[in-house]
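# Fold and contact review
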Amino acid sequence: MTAPAPISNRPPTRQAGQALLLDVVGLSKRFGGVQAVKDLDFTVAEGEIVALIGPNGAGKTTAFALISGFLTSDAGRVTFAGRDLRGLAPHQVNALGLARTFQIMRPFPRLTVVRNVMIATLGRHADVAEAERRARAVLDELGLGAKADRPAGGLTLAERKRLELARALGTEPRLLLLDEVMSGLTDAETERIVELVRAINRRGIAILLIEHVMRAVMSLAQRIVVLNYGERIAEGRPESVANDPRVIEAYLGDEEVARAPA
Ligand SMILES: Nc1ncnc2c1ncn2[C@@H]1O[C@H](COP(=O)(O)OP(=O)(O)OP(=O)(O)O)[C@@H](O)[C@H]1O
Ligand SMILES: [Mg+2]
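My aim in this report is to walk through the structure given alongside it, one point at a time. Note that the coordinates shown come from a computational prediction; the quantities given were computed from them, not determined experimentally.

So, on to the overall build of the chain. Per the secondary structure count, the chain includes 10 helices and 10 strands. Its C-alpha atoms give the chain a radius of gyration of 18 Å, within 12% of the compact-globule value 18 Å for 262 residues. Out of the 262 residues in the chain, the part that is buried amounts to 45%. The long-range fraction of contacts in the chain, counting pairs at least 24 apart against all pairs at least 6 apart in sequence, stands at 67%.

See below:
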């Protein structure tokens, strides 16, 4: 298969009037023989919802890990709110207002749901009572208030996805990176998360989401960035990306994606 021509010089389709929040330039990461992310450029504007899509192994989660300081890039630059993130540890990136969820969720199962979220809110509020108040407020917002005092280990998958969202939101981010928070959910549960993400965004929080559930992507994203073999192969508004032959060939034509629920 011939690789499509790189388009990294194409200017981003950022809307006029929106300030730049995240600026990724030339980001690259290799694992042994695998070029997981290759010369990746994209932006997220203040308050925007951007989706990062592409086939399994395309490098989406790796891009998140590079942006959020969990991995060190081989090349490239990530600027967030005007700050160069180079060399910063994950907690330092988080303190600047960038939070992520994990595709492989690791809540503390024996701790209560609210204590899991307090691990996040305590980073912002040293006062324990205030941290707890904030954690409960986030859980209420995400519809988990009634489960706050139960052990996290007893949550259903859909609830654990929302807890993962709560733990990220509890750090009071300006930009939230969501890694497949809808995967494995029923249509109704997916719809609920879509509405929650929309509500979070209405509070002024920008969203960068990795998602295979295309209906959710199409309804949420103002802009879509498509990765294939670590490279950006398309970028633009949902309608134009969905009709891009390169995207259909690399990803959307995939039966799994076409058949995916929701
Ligand atoms: N820590 C690692 N060590 C070695 N290889 C890795 C590591 N993390 C990811 N990879 C490889 O890098 C490539 C990109 O993986 P990544 O997890 O970023 O893909 P993805 O787009 O998130 O896929 P998915 O949709 O399945 O979650 C894959 O080939 C993967 O096997
Ligand atoms: Mg992934």
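Right, picking up where we left off after that structure.
Glancing now at the site of ligand 1. The immediate surroundings of ligand 1 are formed by Phe31, Val34, Ala36, Gly54, Asn56, Gly57, Ala58, Gly59, Lys60, Thr61, Thr62 and Gln103. Secondary-structure elements contributing two or more residues to the shell around ligand 1 are strand E2 (34-45) and helix H1 (60-67). Broken down by element, the residue count for the shell around ligand 1 peaks at three residues, all from H1. Of the residues that constitute the shell around ligand 1, the class distribution is four nonpolar, seven polar and one charged.

Moving on to the packing of helix H3 (residues 113-121) against helix H4 (residues 128-141). When two helices pack together, you describe them by how their axes are tilted relative to each other and by the distance separating the axes. Running from amino to carboxyl end, H3 crosses H4 at an angle of 115 degrees, the nearest separation of the two axes being 8 Å. Here the hand of the crossing between H3 and H4 comes out right-handed. Two secondary-structure elements touch here, H3 through Val113, Val114, Val117, Met118 and Thr121 and H4 through Ala131, Glu132, Arg134, Ala135, Arg136, Val138 and Leu139. The class makeup of the residues in the contact of H3 with H4 is eight nonpolar, one polar and three charged.

At a minimum axis separation of 7 Å, H3 and helix H5 (residues 157-169) run at an interaxial angle of 30 degrees. When the axes of H3 and H5 are compared, the pair comes out roughly parallel. Judged by the twist between their axes, the crossing of H3 over H5 is right-handed. Of H5, the residues touching H3 (which contributes Val113, Asn116, Val117 and Ala120) are Leu163, Ala166 and Arg167. Its residues assigned to classes, the contact of H3 with H5 shows five nonpolar, one polar and one charged.

So, on to the sheet that holds strand E5 (residues 83-84). Strand order in the open sheet made by the four strands is E2-E1-E4-E5, with antiparallel pairing throughout. Unpaired on one side and paired on the other, E2 and E5 mark the two borders of the sheet.

Attention shifts here to the sheet that holds strand E3 (residues 49-53). Note on sheets: strands pair through backbone hydrogen bonds, and any given pair is parallel or antiparallel. With mixed pairing, six strands are arranged side by side in an open sheet as E6-E7-E8-E3-E9-E10. In the strand order of this sheet, the two ends are held by strand E6 (98-100) and strand E10 (231-236), each with one partner. Put simply, the sheet's adjacent strands are angled 15 degrees from each other on average, direction ignored. Pairing analysis gives four bridges linking E3 to strand E9 (residues 223-228), with the strands arranged parallel. If you follow isoleucine 53 over to E9, its bridge partner there is valine 226. Where helix H9 (residues 245-252) meets the sheet, its contacts fall on E3, E9 and E10, and the angle it forms with E10 comes to roughly 125 degrees.

It is worth spelling out the pairing of strand E4 (residues 75-80) at this point. In terms of strand pairing, strand E1 (residues 20-31) meets E4 through five bridges, oriented antiparallel. Bridge assignment links leucine 22 to a residue of E4, and that residue is phenylalanine 80. Across two bridges, the pairing between E4 and E5 is antiparallel. Across the sheet, the residue bridging to phenylalanine 80 is arginine 83, located in E5. Connecting E4 to the antiparallel partner E5 that follows it, the hairpin turn spans two residues, and alanine 81 within it adopts a positive phi of roughly 50 degrees.

So, about helix H6 (residues 187-202). The terminal C-alpha atoms of H6, which comprises 16 residues, lie 23 Å apart, in line with the 22 Å expected from a rise of 1.5 Å per residue. What H6 keeps buried is the set Thr190, Ile193, Val194, Val197 and Ile200. The buried side chains of H6 occupy one side of the element, clustering within an arc of 125 degrees when seen end-on. Exposed and oriented more than 90 degrees from the buried face of H6 are Ala188, Glu195, Ala199 and Arg202. On its buried side, H6 packs onto H5, strand E7 (175-179), strand E8 (206-210) and helix H7 (214-220). Directly after H6, the chain includes glycine 204, whose backbone phi takes a positive value near 95 degrees.

What counts as what
- Residues numbered from 1 in each chain as written.
- Chains lettered and ligands numbered in written order.
- Predicted model: local features only at pLDDT ≥ 70, side-chain atom pairs only at ≥ 80, totals over all residues.
- Helix = DSSP H or I, 4+ residues; strand = E, 2+ residues; numbered from the N terminus.
- Rg over C-alpha atoms; globule rule 2.2 N^0.38 Å.
- Buried ≥ 20, exposed ≤ 12 C-beta atoms within 10 Å, placed from the backbone.
- Contact = placed C-beta atoms within 7 Å.
- Near = placed C-beta within 6 Å.
- Nonpolar A, V, L, I, M, F, W, Y, C, P; charged D, E, K, R; others polar.
- Axes fitted to C-alpha atoms, helices over the stretch in contact; angles between N-to-C directions.
- Left-handed = near helix turned anticlockwise from the far one by under 90°.
- Parallel < 35°, antiparallel > 145°, perpendicular 65-115°, else oblique.
- Pairing = 2+ DSSP bridges.
- Expected span 1.5 Å × (residues − 1).
- Arc of directions from axis to C-beta.

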